[in-house]
Amino acid sequence: GLRLDRRAIVPVCQVVFSRRARALIDPILTCFVVTGLLYDGNMSSRVLLAGAATAIDRTNTALDGLFAAGVAPVDGKDAIVWLREVEVVRRRIDAAATKLVGVIDRDGMYVDDGHASAKVMAQHVARLSAGEAKARAQTAKACRSLSKLETAWQIGEIGSDQMHLLGRVHSN
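For the structure given in this document, a descriptive report is provided here. (Residues numbered from 1 in each chain as written. Predicted model: local features only at pLDDT ≥ 70, side-chain atom pairs only at ≥ 80, totals over all residues. Heavy atoms only, no water.)

**A closer look at the pattern of salt bridges**
Considering all chains together, one arrives at seven salt bridges under this definition. In this structure, the salt-bridge partner of Glu-87 is Arg-91, at a minimum N-O distance of 3.0 Å. Pair noted here: Glu-87 and Arg-91 are both in helix H4 (residues 76-106), with a separation of four residues, about one helical turn. Take Glu-87: its relative accessible area is 24%, and that puts it in the partly exposed class. With its nearest N and O atoms 2.8 Å apart, the salt bridge here joins Asp-107 to Arg-106. Relative accessible area serves as the criterion here: at 40%, Asp-107 is assigned to the partly exposed category. Judged by relative accessible area, Arg-106 falls into the exposed class, the value being 55%. Overlapping salt bridges bring together Glu-87, Arg-90, Arg-91 and Asp-94 as one network. (Salt bridge = Lys/Arg side-chain N within 4 Å of Asp/Glu carboxyl O. Helix = DSSP H or I, 4+ residues; strand = E, 2+ residues; numbered from the N terminus. Buried < 20%, exposed > 50% of the residue type's maximum accessible area, 1.4 Å probe, protein only.)

Dropping the structure here:
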């Protein structure tokens, strides 16, 4: 399976980027690489809900298969199909990640770990930028009122950027 070692990322940056650029990149890697849960191709989900853990494992296995098969369209027409199909997968994953933040917020689960909000918890635990964490929190709240749009996003019909925009508008 796919094996990603964080120690391998930094040497690549050192080879590709100058010392000055590395001084900027190394802190970025430190801040945004999700440590402790780095997927190594062999990790099994530790989510307690068995059906969800199985779905996460199958998703990771499916992505391993995609990368092993090669992300390589045969021609321009095939590239169009690839773009559409991979985008649907990305939208669905984004919808799940946002739904998670919404559930954490709705049920106040962020308090258990001492976080001020679901947004702050997502930012710290998943190593998100402040902007991404805010977008997920706002979008999750909007989805509570816009269930048909949430469903459309969950099946990949609506883009994540469009949903984040709806989240910003809804929060005002």
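**Here's the deal with the side chain of Thr-98**
Along the chain, the position of Thr-98 falls in helix H4. Owing to a relative accessible area of 2%, Thr-98 belongs among the buried residues under this scheme. Setting aside residues up to four positions removed in sequence, Thr-98 forms contacts with Arg-136, Thr-139, Ala-140 and Trp-153. (Contact = heavy atoms within 4.5 Å.)

**Observations concerning unusual backbone geometry**
Its identity is not glycine, yet Arg-127 carries a phi of approximately 55 degrees, on the positive side. As for its position among the elements, Arg-127 is in the loop between helix H5 (118-125) and helix H6 (130-145).

**As for the layout of surface pockets**
Quantified by volume, the second largest pocket comes out at close to 170 Å³. Lining of the second largest pocket is provided by Leu-63, Leu-66, Asp-78, Val-81, Trp-82, Glu-85, Val-86, Val-89, Arg-90 and Ile-93. Elements represented by at least two residues in the lining of the second largest pocket include exactly helix H3 (50-69) and H4. Here the element with the most residues in the lining of the second largest pocket is H4; it accounts for eight residues. By residue class, the composition of the lining of the second largest pocket is seven nonpolar, no polar and three charged. (1 Å grid on protein atoms, 1.4 Å probe; cavity = no way out; pocket = protein on both sides within 12 Å on 5 of 7 lines; lining within 4 Å. Points joined across faces, edges and corners; volume = space filled by probe spheres on them. Nonpolar A, V, L, I, M, F, W, Y, C, P; charged D, E, K, R; others polar.)

**Let's talk about the environment of Ala-140**
By the secondary structure assignment, Ala-140 is in helix H6. On a C-alpha basis, the gap between Ala-140 and Ala-95 in space is 8.8 Å, while along the polypeptide they are 45 residues apart. The residues contacting Ala-140, other than those within four sequence positions of it, are Thr-98 and Gly-102.

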